[in-house]
Amino acid sequence: MSIHLLKRIVESLLILLGISIVTFLLLYLLPADPARQIAGRSATAQTVENIREQLGLNLPLYQQYWNYLTNLLQGDLGRSYLQKTEVSELIAARLPATLLLMAGAIVCELIIGLALGVISALWRNSRTDRVLTVVSFTSVSAPQFVIGILLLYVFAVKLHWAPIGGYGTFAHLVLPALTLGILGAGWYARMMRSSMIDVLEKDYVRTARSKGLSGSRILFRHVMPNAILPIIAMIGIDIGMFMSGIVVVESVFSWPGIGQLAWQAIQRVDIPIIMGVTLVSACAIVIGNLLADLVAPLVDPRIRVR
């Protein structure tokens, strides 16, 4: 187990290194000039060149990346070009809002997905099962901004049940968390359906039925605890999906998290913030997958680390 853990940690570090290289290269190839963005349109060529020299943008690409990597290993994510603030401070100020949204989204997707999966399994191959299958695939395939705007229109504009956007109260959390939850609920519904069907065919379930136990007791005491184990083991992987979709959702709902920070930085070509948010998101994804690999054998005895 320790060898496997060490191997996974080394692989994770290599993945993060690769992500930093690719992101840095892509930002270097952008047609937009950060120095021009900072100086403004009316600035002279000499002013732009001076800013480029101050920021080290006139250095060769490999030297720019080496300087960035050296600072990164010391815990320095750089300084925002436009906000003149440390990137680590900007991310730290926004991260609690993103984590709150992520927690709310996980709760929503578990409630919706597990409920749909249980219903589909209990009435498998029926019309209800087929309808829920279509609903599950539709929720997974729908773009985040479409679901977000639709929920805003129905519940905020038409029904006035929730605020249009913002942050600070439980009411502000409901719609963005529900948007992300709907996107992930489809996967949980299909996984829960398959897991429950497998458990329902086990010998101990047949034995419980032959003893005359009620259907509800069999469901909640024997079927659900065993069927839900693979689902729990996969929650860590969801972090990747949330990190990829949270930029859009936070922008739609004006949620002050790192997704909105990244979107603002992209519009302004603020490279240190883009790099910082990308690396923090990548770390979250890698850690989530690593935890999923480690937790899976503990919560589900059928999974073994080889």
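Above: the structure in question.
Residues numbered from 1 in each chain as written. Predicted model: local features only at pLDDT ≥ 70, side-chain atom pairs only at ≥ 80, totals over all residues. Heavy atoms only, no water.

Notably, K84 is not glycine yet its phi reads approximately 55 degrees, a positive angle. If you trace the backbone, K84 turns up in the loop between α4 (61-73) and α5 (87-122). Even without glycine at this site, V269 takes up a positive phi of about 55 degrees. Among the secondary structure elements, V269 is positioned in the loop between α13 (258-268) and α14 (271-299). For V269, a relative accessible area of 9% puts it in the buried group. (Helix = DSSP H or I, 4+ residues; strand = E, 2+ residues; numbered from the N terminus. Buried < 20%, exposed > 50% of the residue type's maximum accessible area, 1.4 Å probe, protein only.)

Time to look at α5. Between its terminal C-alpha atoms α5 stretches 50 Å, which fits the 52 Å expected from 36 residues at 1.5 Å a residue. At R94, α5 shows its largest kink, close to 35 degrees, and the proline P96 lies no more than four residues downstream. (Expected span 1.5 Å × (residues − 1). Bend = angle between axes of the 7 residues up to and from the residue.)

As a further point, take a nonpolar patch on the surface. Taken together, the side chains of L6, V10, L14, L17 and I21 make up a nonpolar region of the molecular surface, amounting to roughly 440 Å² of accessible area. Within the element layout of this structure, V10 appears in helix α1 (residues 2-28). Residue classification places V10 among the partly exposed positions, given a relative accessible area of 42%. (Patch = residues over 30% accessible without salt bridge, like charges linked within 9 Å, V, L, I, M, F, W, Y side chains within 5 Å. Areas by Shrake-Rupley, 256 points an atom, 1.4 Å probe, with all protein chains shown as cover. Salt bridge = Lys/Arg side-chain N within 4 Å of Asp/Glu carboxyl O.)

Our focus in this paragraph is the packing of helix α9 (residues 203-210) against helix α10 (residues 215-227). Two elements in contact, α9 and α10, have axes whose closest approach is 11 Å; the angle formed by their N-to-C orientations is 180 degrees. As the angle between them shows, α9 and α10 are arranged roughly antiparallel. Only I218, H222, V223 and N226 of α10 make contact with α9, whose side of the interface consists of Y204, V205, A208 and R209. Of the residues in the contact of α9 with α10, the class split is five nonpolar, two polar and one charged. (Axes fitted to C-alpha atoms, helices over the stretch in contact; angles between N-to-C directions. Parallel < 35°, antiparallel > 145°, perpendicular 65-115°, else oblique. Contact = heavy atoms within 4.5 Å. Nonpolar A, V, L, I, M, F, W, Y, C, P; charged D, E, K, R; others polar.)

Before going further, it helps to spend a moment on the environment of Q63. Note on placement: Q63 falls in helix α4. Residue classification places Q63 among the partly exposed positions, given a relative accessible area of 32%. Considered as a pair, Q63 and L261 are 198 residues apart in the sequence and their alpha carbons are 27 Å apart.

Across all of its chains, the model carries four aromatic pairs by this definition. Both rings, one in F24 and one in Y65, keep their centres 5.5 Å apart while their planes meet at 70 degrees; by these two values the pair is edge-to-face. Of this pair, F24 sits in helix α1 while Y65 sits in helix α4, and the two are 41 residues apart along the sequence. With respect to burial, F24 and Y65 carry one shared label: buried. Between F155 and W161, the ring centres sit 6.0 Å apart and the planes meet at 40 degrees, which makes this aromatic pair tilted. Using a relative accessible area of 26% as the deciding quantity, one classes F155 as partly exposed. (Phe/Tyr/Trp six-rings, centres within 6.5 Å; stacked < 30°, edge-to-face > 60°.)

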